[in-house]
Amino acid sequence: MTLEGKVALVTGSSQGIGQGIVLKLAQAGADVVINYRSHPEGAEETLEKVQAIGGKCYLAECPHSRGRTIQADLGNLEMVRELISESIAHFGKLDILVNNAGIEKHAPFWEVTEADYDTVLNVNLKGVFFATQAFVQHLVATQRPGKIINISSVHEDLPFPNFAAYCVSKGGMKMLTRNLAVELGPLGITINNVAPGAIETPINTKLLNDPDKLNALLNNIPLARLGQPQDVASLVAFLASSEADYITGSTFVVDGGLLWNYQEQ
Ligand code: BGC
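It should be emphasised that the depicted structure is a prediction, and the values quoted were computed from it without experimental measurement.

Each helix and strand counted, the protein has 8 helices and 7 strands in total. For the protein, whose C-alpha radius of gyration is 18 Å, the value lies close to the compact-globule estimate of 18 Å for 265 residues. By principal-axis analysis of the C-alpha atoms, the protein measures approximately 60 × 35 × 35 Å. Expressed as a percentage of its 265 residues, the buried residues of the protein come to 49%. Within the protein, counting contacts between residues at least 6 apart in sequence, those at least 24 apart form 72% of the total. Total accessible area computed for the protein in this model is approximately 12900 Å², and 54% of it derives from carbon and sulfur atoms. Separation of charge centres in the protein, based on 19 positive and 28 negative side chains, amounts to 5 Å.

Laid out in structure tokens, this is it:
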């Protein structure tokens, strides 16, 4: 499996799953755009790791770096559009978009504020919608195929009490993927969701520091461990490759069996 000659943008890739995906795509040969909102140091660290992987940039005129970092808040439409156009301006094209950036906020449903609802939905769904739109406009204008991979969640299906806005955003992402599989298929553009379960990343910092909650969760995971970013990244690299050309409109769960585990107490 190779991504040689391909250019990929991974949103939210200064840490966690996004960082793992960038490294995997770079190992497979892709040039990468590393996007961050508030962790430039994480983005730089990711870029250094990409450079350590070696290989030549797909562009003859930038032989030193196969990656670049771009700051953008996915909750801000203007920044989303600039992120896509800057990525294209730097590498001359984009072949792969990984919509990874996502946030969640804990609150009982009856206490969710409009501001928190907007923050979650703007990043997790509106940002994805319009980043994908700008990417597709580029593919249409250049008459090329492309791959879209959304990092969704087991919570596109599974209820998650106290995270209603997050679940709404991931459920929306699931329908966006189904809709676009049909609408973009004739253009040679595929779109799929990868749905992680509990992965050891900064989004789960609170949980990781609460032994009772962590143990309760581990008891619900048949494979008895949290996932690591690379568990998710391998699947993303496959879906981004030509080996997955006939796959579109699907969700692939990476959760150690969490989703289907029901135990009578
Ligand atoms: C959430 C995590 C949660 C996991 C399993 C993910 O989508 O971001 O906070 O631990 O699902 O419930």
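The next subject is the site of the ligand. All residues adjacent to the ligand are E104, S153, H155, F160, Y166, G197, A198, I203 and N204. S153 is positioned such that a nitrogen or oxygen atom in its side chain is 2.6 Å from an oxygen atom of the ligand. Contact distances for the ligand include 2.8 Å between an oxygen atom and a side-chain N or O atom of N204. For the ligand, whose accessible area on its own is 310 Å², the fraction buried by protein is 91%. Looking at the shell around the ligand residue by residue, the class counts come to 4 nonpolar, 4 polar and 1 charged.

The next thing to look at is helix α1 (residues 16-27). Here α1 spans 17 Å end to end across 12 residues, near enough to the 16 Å set by a 1.5 Å rise per residue. Those residues of α1 that fall on the buried side of the exposure criterion are G16, I17, G18, Q19, G20, I21, V22, L23, L25 and A26.

Notably, Q143 is not glycine yet its phi reads approximately 50°, a positive angle. Topologically, Q143 is positioned in the loop between α4 (114-142) and β5 (146-151). Here N162, not a glycine, exhibits a phi torsion of approximately 75°, which is positive. Note on placement: N162 falls in the loop between β5 and α5 (164-184).

A few words now on the pairing of β5. Strand residues, when the strand is regular, have side chains that alternate between the two faces of the sheet. In terms of residue burial, β5 counts as a mostly covered element, since 6 of its 6 residues are buried. Residues of β5 alternate between two faces, with G146, I148 and N150 on one and K147, I149 and I151 on the opposite face, all of them buried. With 4 bridges connecting them, strand β4 (residues 96-99) and β5 associate as parallel partners. Across the sheet, the residue bridging to L97 is I148, located in β5. The β-α-β motif built from β4, the intervening α4 and the parallel element β5 has right-handed crossover chirality.

Turning to the packing of α1 against helix α2 (residues 40-53), a few remarks are in order. Direction vectors running N to C along α1 and α2 enclose 20°, while the axes themselves pass 9 Å from each other. Accordingly, the angle class assigned to the pair α1 and α2 is roughly parallel. Seen along the crossing, α1 lies across α2 with a hand that is right-handed. Of α2, the residues touching α1 (which contributes Q19, V22, L23, A26 and Q27) are G42, E45, T46, K49, V50 and I53. Taken together, the residues of the contact of α1 with α2 break down into 5 nonpolar, 4 polar and 2 charged.

Criteria and cut-off values
Residues numbered from 1 in each chain as written. Predicted model: local features only at pLDDT ≥ 70, side-chain atom pairs only at ≥ 80, totals over all residues. Heavy atoms only, no water. Helix = DSSP H or I, 4+ residues; strand = E, 2+ residues; numbered from the N terminus. Rg over C-alpha atoms; globule rule 2.2 N^0.38 Å. Buried < 20%, exposed > 50% of the residue type's maximum accessible area, 1.4 Å probe, protein only. Contact = heavy atoms within 4.5 Å. Areas by Shrake-Rupley, 256 points an atom, 1.4 Å probe, with all protein chains shown as cover. Lys, Arg positive; Asp, Glu negative; His and termini not counted. Charge placed at Lys NZ, Arg CZ, Asp CG, Glu CD. Near = heavy atom within 4 Å. Polar contact = N/O pair within 3.5 Å; in protein donor to acceptor, adjacent residues only side chain to side chain. Nonpolar A, V, L, I, M, F, W, Y, C, P; charged D, E, K, R; others polar. Expected span 1.5 Å × (residues − 1). Pairing = 2+ DSSP bridges. Right-handed = clockwise from strand over helix to strand, strands pointing away. Axes fitted to C-alpha atoms, helices over the stretch in contact; angles between N-to-C directions. Parallel < 35°, antiparallel > 145°, perpendicular 65-115°, else oblique. Left-handed = near helix turned anticlockwise from the far one by under 90°.

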